[in-house]
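Breakdown of the fold
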Amino acid sequence: MKSLDGGFTPKEIKRLFKEADTDGSNSVDWREFLSWIINGTAMRGMGAKGAASFERLLNTETQDEASFVESAQMGHNVTEYLKRNGSKGKSRTRKKTTTKAGCDEFGVPADYSGYRIQWPMTPQGAKDLLDNFLHNGSNKPLHAKHVQLILDEFVAAYKDRHPKPVIETEVPQPDGRLVIVGDTHGQLADVLHILYHLGPPSANNRYLFNGDMVDRGNQGVEILLILFSFFLADNESIIVHRGNHENEDMNALHADNGGGFEDEVMEKYGLQVYRHFIGAFKTLSLASVINKEIFVVHGGLTRVKNLTIDYINTLPFQDYTAPHPLSTNVKEQLFSDLLWSDPTEYEGKYKRSRQA
């Protein structure tokens with residue numbers, strides 16, 4: 001995809017930065033810009049060349065891996081564009097927060113009518129949150145302060161419990177079980193059905209969520225808050241893998257094109273909370289080995305021959321949600337394959353063709 005340079009007039013660039021600055025910081029995070037483009041706001045009044053620069057991104061009804069690579073390359077071009085022309089001499093400042101009278105210790109107002117968590121998180125507190133979402137769905141949400149609390153505590157606790165990309169675990173003995181759950185993609189009703197039918201997560205009723213909890217459906221936020229809360233209550237109760245949709249590039253796409261999580265969080269809580277979710281994604285594991293014989297991963301086998309668990313454990317998996325899909329770095333290619341690869345009925349390696 002061609003560089004963005006030359007696609008905008010100076011007047012359009014000025015308007016671009018004004019409208020894309022959604023958090024009012026007087027500078028533009030490139031993901032703010034990318035989301036703004038995808039949502040279609042920028043197309044109003046844009047010159048022909050500028051609009052043409054994003055035509056392929058906005059027309060991804062049949063999003064496959066090749067299209068995703070083009071989108072990721074576009075994101076790279078946006079990053080470089082903003083580095084050259086964006087916020088020179090500007091610095092992003094955070095708003096100071098103070099505890100006000102009538103607020104709890106986390107800054108939630110006393111008159112807040114949404115759901116309130118009890119802290120520290122306990123197994124009963126996680127079950128109560130589960131019950132809230134069962135009875136109210138998204139209609140009685142947590143306050144943003146409580147969401148950030150759960151996310152921050154989860155990141156610290158998960159990094160401490162699982163510092164490597166591969167987890168070695170076992171089926172709880174003597175009479176426990178380990179339930180592996182595949183893609184739930186924002187379908188809260190499915191997750192609630194599973195947890196109520198098979199029982200809540202515990203050390204003896206352990207769950208492994210194998211990635212792709214978000215995008216497409218519109219309740220990925222609630223799913224993650226449930227999973228993270230159970231982990232905080234008992235870090236032996238649940239393992240959470242990263243899939244190719246726990247990925248900020250995928251999240252930036254519209255739900256109809258396979259993404260949607262960024263839009264979901266922005267609508268419910270805003271940019272600051274979305275960044276906390278991205279931080280949590282960077283923490284999630286890439287794979288697990290169960291009973292020293294079963295390898296569980298969201299994607300599949302990789303193009304790297306003679307692969308070992310020790311080598312996977314050298315991946316910089318907490319540096320980013322997913323590597324650039326066009327990377328020629330061997331470790332980044334391996335990382336990408338663990339998130340994206342699919343099985344095949346034939347011997348050998350083939351370019352994947354299914355939708356994301």
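Just so you know, these numbers come straight off a predicted model, no measurement behind them.

Take the overall build of the protein next. On a plain count of helices and strands, the protein comes out with 14 helices and six strands. Each of the 356 residues in the protein was classed as buried or not, and the buried ones make up 50%. Of the contacts formed within the protein by residues at least 6 apart in sequence, a portion of 76% connects residues at least 24 apart. Carbon and sulfur atoms form 48% of the exposed surface of the protein, whose accessible area is close to 17700 Å².

This next bit is on the pattern of salt bridges. Under the criterion given, the structure shown has six salt bridges. A salt bridge links Lys268 to Glu264; the shortest N-O distance between them is 2.8 Å. You can see Lys268 and its partner Glu264 sitting in helix 11 (residues 261–268), four residues apart, about one turn around the helix. With a relative accessible area of 30%, Lys268 lands in the partly exposed category. The partner of Asp337 in a salt bridge is Arg303, and the shortest N-O contact between them spans 2.8 Å. Linking Asp337 in helix 14 (residues 330–340) with Arg303 in the loop between strand 6 (294–297) and helix 13 (309–312), this pair joins segments that are 34 residues apart in sequence. Overall, the relative accessible area of 7% leaves Asp337 in the buried class.

With that settled, the discussion passes to the confidence of the model for the protein. Summarising the model, the protein shows a mean pLDDT of 83, and 70% of its residues fall at 70 or more. Here residues 53–64 is modelled with pLDDT under 50, and outside its nearest four sequence neighbours on either side it reaches 32 contacts, counting other chains as well. When the criterion is pLDDT under 50, residues 86–97 qualifies, and its contacts beyond four places in sequence or with other chains add up to 16 contacts.

For the structure shown, the criterion picks out nine aromatic pairs. Taking the centre distance of 5.5 Å and the plane angle of 75° together, the rings of Phe154 and Phe231 count as edge-to-face. One end of the pair, Phe154, is in helix 7 (residues 144–161); the other, Phe231, is in helix 9 (residues 220–233), with 77 residues separating them in the sequence. Taken as a pair, Phe154 and Phe231 share a single burial class, namely buried. Ring-pair connections join several aromatic residues into one group, and the members of that group are Phe154, Tyr158, Phe228 and Phe231.

Okay, helix 12 (residues 271–281) next. Where burial is concerned, most of helix 12 is hidden: eight out of the 11 residues are buried. Listed in full, the buried residues belonging to helix 12 are Leu271, Val273, Tyr274, His276, Phe277, Ile278, Ala280 and Phe281.

The subject of this paragraph is the environment of Val214. Topologically, Val214 is positioned in the loop between strand 3 (205–209) and helix 9. With a relative accessible area of 0%, Val214 lands in the buried category. For the pair Val214 and Met250, spaced 36 residues apart in sequence, the C-alpha separation works out to 9.9 Å. Val214 has contacts with His185, Gly186, Gly220, Leu224, His245, Glu246, Asn251, Phe261 and Phe281, leaving out every residue within four places of it along the chain.

Quick look at the nonpolar core now. Residues Leu142, Met213, Phe228, Phe261 and Phe277 are the most contacted members of the largest nonpolar core, which totals 54 residues. Ranked by the residues each element gives to this core, the list is headed by helix 9, at 10 residues. Ignoring any residue separated from it by four or fewer positions in sequence, one finds Phe261 in contact with Val214, Asp215, Gly220, Val221, Leu224, Asn251, Tyr274, Phe277 and Phe281. Core analysis: the next-biggest nonpolar cluster, separate from the first, contains 17 residues, Val166, Ile312, Phe335 and Leu339 among them.

A word on the packing of helix 6 (residues 123–136) against helix 8 (residues 188–198). Remark: helix 6 packs on helix 8, axes separated minimally by 11 Å, with the N-to-C direction vectors making an angle of 130°. With respect to their mutual orientation, helix 6 and helix 8 come out oblique. Here helix 6 runs over helix 8; the crossing is left-handed. Contacts between helix 6 and helix 8 involve Leu130, Asp131, Phe133 and Leu134 on the former and, on the latter, Leu188, Leu192, Leu195 and Tyr196.

Cut-off values and rules
Residues numbered from 1 in each chain as written. Predicted model: local features only at pLDDT ≥ 70, side-chain atom pairs only at ≥ 80, totals over all residues. Heavy atoms only, no water. Helix = DSSP H or I, 4+ residues; strand = E, 2+ residues; numbered from the N terminus. Buried < 20%, exposed > 50% of the residue type's maximum accessible area, 1.4 Å probe, protein only. Contact = heavy atoms within 4.5 Å. Areas by Shrake-Rupley, 256 points an atom, 1.4 Å probe, with all protein chains shown as cover. Salt bridge = Lys/Arg side-chain N within 4 Å of Asp/Glu carboxyl O. pLDDT = per-residue confidence, 0-100. Phe/Tyr/Trp six-rings, centres within 6.5 Å; stacked < 30°, edge-to-face > 60°. Core = buried A, V, L, I, M, F, W, Y, C linked by side-chain atoms within 4.5 Å. Axes fitted to C-alpha atoms, helices over the stretch in contact; angles between N-to-C directions. Parallel < 35°, antiparallel > 145°, perpendicular 65-115°, else oblique. Left-handed = near helix turned anticlockwise from the far one by under 90°.

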